[in-house]
Amino acid sequence: MSNEISNEDRAGLILKGNPIEEHSTGSTTKSMRVAMELAAILHEGQLDKAGEPYINHVARVVETVAKSLPQGMSYEDKAGAISAAWLHDVGEDTDIDLWDICTVFPSGVGTMVGLLTRDYGWSEGKTYQEYVQRIGQSDTAAAIIKRADLWDNRFRGKLPKSMEQRYDRALSMLGTPKGFPYPKLPSQDRELVAGAEK
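In what follows, the accompanying structure is described. This structure is a prediction, so every number in the text was calculated from the model and none was measured.

### Comments concerning the layout of surface pockets
In this structure, the largest pocket occupies an estimated 470 Å³ of space. Looking at the largest pocket, it is lined by 25 residues, and the ones nearest its centre are K49, Y54, H57, N153 and Y167. Those elements giving two or more residues to the lining of the largest pocket turn out to be helix 3 (54-68), helix 5 (90-93), helix 8 (128-138), helix 9 (140-155) and helix 10 (161-174). It is helix 9 that contributes the most residues to the lining of the largest pocket, five residues altogether. When grouped by side-chain class, the residues that make up the lining of the largest pocket number eight nonpolar, three polar and 14 charged.

Here it is, written out as C-alpha cells:
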C-alpha cells in the first residue's frame, strides 16, 4: 500500500483549507496565490505537445492575460481573471471537480473556469465554433483568457495544418482585445494571423 497522495487529493486539501471570501481583506491576493498553487499541483507531471512542463503554458497564458486586461477594470476583477487564467485548463486536463473551484474561489472565477471548459455545462454537445463564440459573447475576461490560450497553443510549436486552421478560425472569431500583447512571431505567422483576422 502506497503512502503517496494523488495530485487531485493534494488539490482537495488546498481547496478545503482555503475558502476565499469575496470582498474580504486580502481575498484578491489569496485567490491568485491559491489558483497558482492549485494549477502547479494539478498540472504536475503533465507535458505539452513540445514535451515541456504543461505549467509553462499556463504561466505564459497568465502573463499575457495580465498584460491584456482593460485599464479600467477593478483590481478585484483583474485578480479574478488572473486566477481563472491559472485554472483555465484544470477542467479539461485534470480530474478536479469544477464545483470545488466554484465553492472555493470568488464567484466570477468559477464562472470563467466553467465557461472556458470544453464539454462542461452549457457547452456539452456544442461544436467547437459554438463554444468559442459563446466565450467571445459572454465575458470580456474569459475571451481574453481564451485568446491568450489559443495564441500560445497556436504559435508555440509545429502543429498539423488542420489544428493551425482551427486555432486561426477561433482567434479570428474572438477578435483582438485592445492592447493584446502579441508575442514576436516569424513574418509568415504574422501574415497568417493578419489574414485570419480580416
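Moving on from the model shown.
### Quick notes on the packing of helix 3 against helix 4 (residues 75-86)
The contact between helix 3 and helix 4 brings their axes to 8 Å, and the two run at 160 degrees. By the angle class used here, helix 3 and helix 4 are roughly antiparallel. Judged by the sense of rotation from one axis to the other, the crossing of helix 3 with helix 4 is right-handed. Along the contact surface, helix 3 presents I55, V58, A59, V62, V65 and A66, while helix 4 presents A81, I82, A85 and W86. Split into classes, the residues belonging to the contact of helix 3 with helix 4 amount to 10 nonpolar, no polar and no charged.

### Quick notes on the packing of helix 7 (residues 107-116) against helix 9
Relative to each other, helix 7 and helix 9 sit at 45 degrees, their axes nearing to 10 Å. Here helix 7 is positioned oblique relative to helix 9, judged by the angle of their axes. Crossing geometry of helix 7 relative to helix 9 is assigned as right-handed. Contacts from M112, L115 and L116 of helix 7 reach helix 9 at A141, A142, I145 and K146.

Cut-offs and rules
- Residues numbered from 1 in each chain as written.
- Predicted model: local features only at pLDDT ≥ 70, side-chain atom pairs only at ≥ 80, totals over all residues.
- Heavy atoms only, no water.
- 1 Å grid on protein atoms, 1.4 Å probe; cavity = no way out; pocket = protein on both sides within 12 Å on 5 of 7 lines; lining within 4 Å.
- Points joined across faces, edges and corners; volume = space filled by probe spheres on them.
- Helix = DSSP H or I, 4+ residues; strand = E, 2+ residues; numbered from the N terminus.
- Nonpolar A, V, L, I, M, F, W, Y, C, P; charged D, E, K, R; others polar.
- Axes fitted to C-alpha atoms, helices over the stretch in contact; angles between N-to-C directions.
- Parallel < 35°, antiparallel > 145°, perpendicular 65-115°, else oblique.
- Left-handed = near helix turned anticlockwise from the far one by under 90°.
- Contact = heavy atoms within 4.5 Å.

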